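A look at the structure
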Amino acid sequence: MCGIVGYIGKKQAAPILLDGLSKLEYRGYDSAGMAVYDGKQIQVQKAAGRLKVLDEQTHGGSTMPGTVGIGHTRWATHGAPSDSNAHPHYNQDKTIAVVHNGIIENYLKLRKKLQKKGFVFRSETDTEVVAMLLGYYYKGNRNSDDAGDPGDPGDPMEAIVKVMHRLEGSYALGIIFADHPDVVYSVRKDSPLIVGQNAEGSLIASDVPAVLKYTREVYFIQNEEIAVLKKDAISFYNIDGEEIEKEPKKIEWDINAAEKGGYEHFMLKEMYEQPKTVSDTLNPRIKDGRIVIEELGMSDDEIRALRKIHIVACGSAYHAGITGKYVFEGLARIPVEVDLASEFRYRDPIVEEGTLIIIISQSGETADSLAALREAKKRGALTLGIVNVVGSSIAREADRVMYTWAGPEIAVATTKAYSAQLIAEYLLAIKFALVRGKLSDEAAASMIKDLKAIPAQIQMLLANKEDIQRFANRYLAARDVFFIGRGIDHAISLEGSLKLKEISYIHSEAYAAGELKHGTISLIEEGTLVTAVVTQENLYKKVLSNIVEVRTRGAFVMAVTNEDNTEIEKTADYVVYIPKTNRFFANSLAIIPLQLFSYYVSVGKGLDVDKPRNLAKSVTVE
């Protein structure tokens, strides 16, 4: 989940590396570092802490001269956050520097083998093994018990290929050699990596925001490919060292979308971008009052043949998937299972003929989701990726793809990408229901009208932020918060609870409201905040009974409900009303006050909203 950058060109590298890292800090921020060739040697500067520490140490990069370099911002896996464990890492004689995103699974075996040969390690990381192994093969220094022939001393490509054959796990690597200061090498296996070029140089990065300022034309490196960057050219090779051709992709994202634009935090900005995000995902797929998902590429016969849907995802995308279960089953009458991606392939899932497996991921690079996708394809399922990043691994490998077009999302806690995923599911469910004859044209037209109203309704809810902020300030010292709901409201509760816990560090849990009496209600104490989501009319009375149960035991209840449910004021202590919409779409509105509540609790506690501790945006390791 780390972020890597690299640059070679006409300009000083270090300031460009720092700028790129600042756009990737959502991927990891417990340490950062840079390696720059200064004309004589590879100079490395690294520091534990946020990127600003490195920036201050190098005075914005001015103390590191040179026009070729690599940089890294870290989310710790092997080794605690520290200066020594920060990247880049050297080889033995400090003539090679490496930055790495991913996990080397066989690093202990390789480390022990190199130690027996006299290599001395300076860190606890798996990445240093890569640097040492590169140095070993680069010098052609091999004993008889090593597999393969040694590379000729001084041949970077041969050394890199040999290392790729030895490594197990995932990696995106940026590499520079002191003997070859006119080249930056990059390698990818299962961790994202892009390269790009402009008139002043060539760049590598883990994600698009790092290069948007410099180029819109990027190449997506695929598994076991090597990119060789010079200041005026980029070449690509496979793991056998054979040159290959690649076509660039044009990035359409607005560069301003990756900047704060006057907002205090990216999360607040992205919450306010949700009306546009919903419109951008929705409007191009509604033509003449009909749902048209051109990129889906599924015929009506394929849709009618569906017997089951599996939705597989992680985190907030998983919560979107739980909402999707209710929507697909309720509208299209297709049985749906929802799986955590990290569990899917380990439970030996039953995948029968007629199964569609939907993988939801903002980045399109989530390691567990990508592994689940590959397992699904291996078992013969038709796969559909709902992703935000064009050209990402899931987008490329899924049989079908549906983009959410949310633009770059920088805050670790997702808001707008989640909202876009919901809209994609609504559109698919209505489309499937129509094709399968489970929904009339009149009912579909009414639903489309409700969908088109959602952006304005979200805007209205965001306008009430001051009321939510005042309420949130009462709970800055809360120890436990519980979220309850039934049906789709339970799915909303799960996401609301996650938002609160991940950015405020308050313990919160979400429960199906009917389960409270089966144990959880014992945790309710005087003054405990319980947030009840009550949007499903057929379940009003049931949830009201649950509210009475927790209030009787001393809970303070915040309710999120429809604007016509004023009776709830007799039962709840504080009520947030949402506009009326189709019951299947309630999540898109009810989640807005819960996002605002979590945000203002975190702000009130003085926490780093955009970069909560221990978390990173894109989880590219298992």
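Residues numbered from 1 in each chain as written. Predicted model: local features only at pLDDT ≥ 70, side-chain atom pairs only at ≥ 80, totals over all residues. Heavy atoms only, no water.

**Some remarks on the overall build of the protein chain**
From N to C terminus, the protein chain includes 18 helices and 27 strands. Scaling as 2.2 N^0.38, a compact globule of 622 residues should have a C-alpha radius of gyration of about 25 Å, and the protein chain matches this with 26 Å. A burial count over the protein chain gives 62% of its 622 residues as buried. Long-range contacts, defined as pairs at least 24 residues apart, comprise 71% of the intrachain contacts of the protein chain with a sequence gap of at least 6. Side-chain charges in the protein chain split into 74 positive and 83 negative, and the spacing between the mean points of these groups amounts to 2 Å. (Helix = DSSP H or I, 4+ residues; strand = E, 2+ residues; numbered from the N terminus. Rg over C-alpha atoms; globule rule 2.2 N^0.38 Å. Buried < 20%, exposed > 50% of the residue type's maximum accessible area, 1.4 Å probe, protein only. Contact = heavy atoms within 4.5 Å. Lys, Arg positive; Asp, Glu negative; His and termini not counted. Charge placed at Lys NZ, Arg CZ, Asp CG, Glu CD.)

**A word on the nonpolar core**
Counting 124 residues, the largest nonpolar core has F432 and F597 as the members making the most contacts within it. A total of twelve residues in this core trace back to one element, the largest contributor, which is helix α13 (residues 416-435). Apart from residues no more than four positions distant in its own chain, F432 is found in contact with L296, M298, I303, L306, I309, F328, A332, I334 and L356. (Core = buried A, V, L, I, M, F, W, Y, C linked by side-chain atoms within 4.5 Å.)

**Section: the sheet that holds strand β5 (residues 89-90)**
Ordered by their spatial adjacency, seven strands build an open sheet running β5-β6-β7-β8-β12-β13-β14, and the pairing between neighbours is antiparallel. Each edge of the open sheet is held by one strand with a lone partner, namely β5 and β14 (243-244). The pairing of strand β12 (residues 225-230) with strand β13 (residues 233-238) spans six bridges and is antiparallel. Bridging from a neighbouring strand, L229 pairs with I234 of β13. Running at roughly 130° to strand β6 (residues 96-104), helix α4 (residues 127-138) makes contact with β5, β6, β7 (169-177) and β8 (180-189) of the sheet. (Pairing = 2+ DSSP bridges. Axes fitted to C-alpha atoms, helices over the stretch in contact; angles between N-to-C directions.)

**Overview of the confidence of the model for the protein chain**
Across the protein chain, pLDDT averages 90, with 95% of residues at or above 70. Per-element mean pLDDT across the protein chain ranges from 84 in strand β15 (residues 249-250) up to 97 in α13. Below a pLDDT of 50 lies the segment residues 141-152, which in the model reaches 25 contacts outside its immediate sequence neighbourhood of four places, other chains included. (pLDDT = per-residue confidence, 0-100.)

**Quick word on helix α14 (residues 441-462)**
Between its terminal C-alpha atoms α14 stretches 32 Å, which fits the 32 Å expected from 22 residues at 1.5 Å a residue. Along α14, the sharpest change in direction is near 40° and occurs at I454; proline P455 comes one to four residues later. Within α14, burial applies to A444, M447, I448, L451, I454, P455, Q457, I458, L461 and L462. (Expected span 1.5 Å × (residues − 1). Bend = angle between axes of the 7 residues up to and from the residue.)

**Focus on the packing of aromatic side chains**
Counted by the stated rule, this structure contains 15 aromatic pairs. Both rings, one in Y263 and one in Y272, keep their centres 5.9 Å apart while their planes meet at 35°; by these two values the pair is tilted. Given the relative accessible area of 33%, Y263 is considered partly exposed. Between F328 and F432, the aromatic rings sit 5.9 Å apart at their centres with planes inclined by 40°, giving tilted as the arrangement. Highlighted residues: F328 in helix α9 (residues 315-332) and F432 in helix α13, separated in sequence by 104 residues. Across this residue pair, the class does not change: F328 and F432 are buried. Above the face of the W405 ring, R285 is positioned so that its terminal group lies 4.0 Å from the ring centre. (Phe/Tyr/Trp six-rings, centres within 6.5 Å; stacked < 30°, edge-to-face > 60°. Lys NZ or Arg CZ within 6 Å of the ring centre and 35° of its normal.)

**Quick notes on the sheet that holds strand β18 (residues 308-313)**
The sheet built from five strands is open, its strands ordered β19-β18-β20-β21-β22 with parallel pairing. The open sheet has two edge strands, β19 (336-340) and β22 (400-403), and neither has a second partner. The sheet shows a mean angle of 20° between the axes of neighbouring strands, taken without regard to direction. When β18 meets β19, the two strands line up parallel, connected through five bridges. Counted as the bridge partner of I309 is V336 from β19.

**A word on the side chain of Q536**
You can see Q536 is positioned in the loop between β25 (529-534) and α17 (540-552). On the accessibility criterion, Q536 (4% relative accessible area) is buried. At a separation of 3.1 Å, a polar atom in the side chain of Q536 contacts the main-chain carbonyl oxygen of R583. Aside from chain neighbours lying at most four places away, what touches Q536 is R486, I488, D489, R583 and A586. (Polar contact = N/O pair within 3.5 Å; in protein donor to acceptor, adjacent residues only side chain to side chain.)

**Observations concerning the side chain of T581**
If you trace the backbone, T581 turns up in the loop between β27 (574-578) and α18 (586-604). Take T581: its relative accessible area is 12%, and that puts it in the buried class.

**Looking at the pairing of β25**
Extensive coverage of β25 is indicated by the burial of six of its six residues. Side-chain alternation along β25 places L529, T531 and V533 on one buried face and V530, A532 and V534 on a second face that is also buried. Two strands pair when backbone bridges link them, and strand β23 (residues 480-485) and β25 are joined in this way by four bridges, in the parallel orientation. By the bridge assignment for β25, I484 is matched with A532. One ladder, built from six bridges, connects β25 with strand β26 (residues 556-562); its direction is parallel. Each residue of the ladder has a partner; that of V533, found in β26, is V560. Read as a crossover between parallel neighbours, the route from β25 over α17 to β26 is right-handed. (Right-handed = clockwise from strand over helix to strand, strands pointing away.)

**What about the pattern of salt bridges?**
Enumeration over the complete set of coordinates arrives at 34 salt bridges. Here E365 and R188 are joined by a salt bridge, their closest N and O atoms 3.4 Å apart. Of this pair, E365 sits in the loop between β20 (355-361) and α11 (367-378) while R188 sits in strand β8; the two residues are 177 residues apart in sequence, bridging distant segments of the chain. Note on R188: relative accessible area 1%, which makes it buried. Because the salt bridges share partners, they merge into one network encompassing K189, D190, R374 and E397. (Salt bridge = Lys/Arg side-chain N within 4 Å of Asp/Glu carboxyl O.)

**Points about the packing of helix α16 (residues 488-504) against α18**
Running from amino to carboxyl end, α16 crosses α18 at an angle of 20°, the nearest separation of the two axes being 9 Å. By the angle between their directions, the pair α16 and α18 is classed as roughly parallel. Crossing angle aside, the handedness with which α16 passes α18 is right-handed. When α16 is examined against α18, the residues I488, A491, I492, E495, G496, K499, L500, I503 and S504 are found in contact with a partner set consisting of A586, N587, A590, I591, L594, F597, S598, Y599, V601 and S602. (Parallel < 35°, antiparallel > 145°, perpendicular 65-115°, else oblique. Left-handed = near helix turned anticlockwise from the far one by under 90°.)

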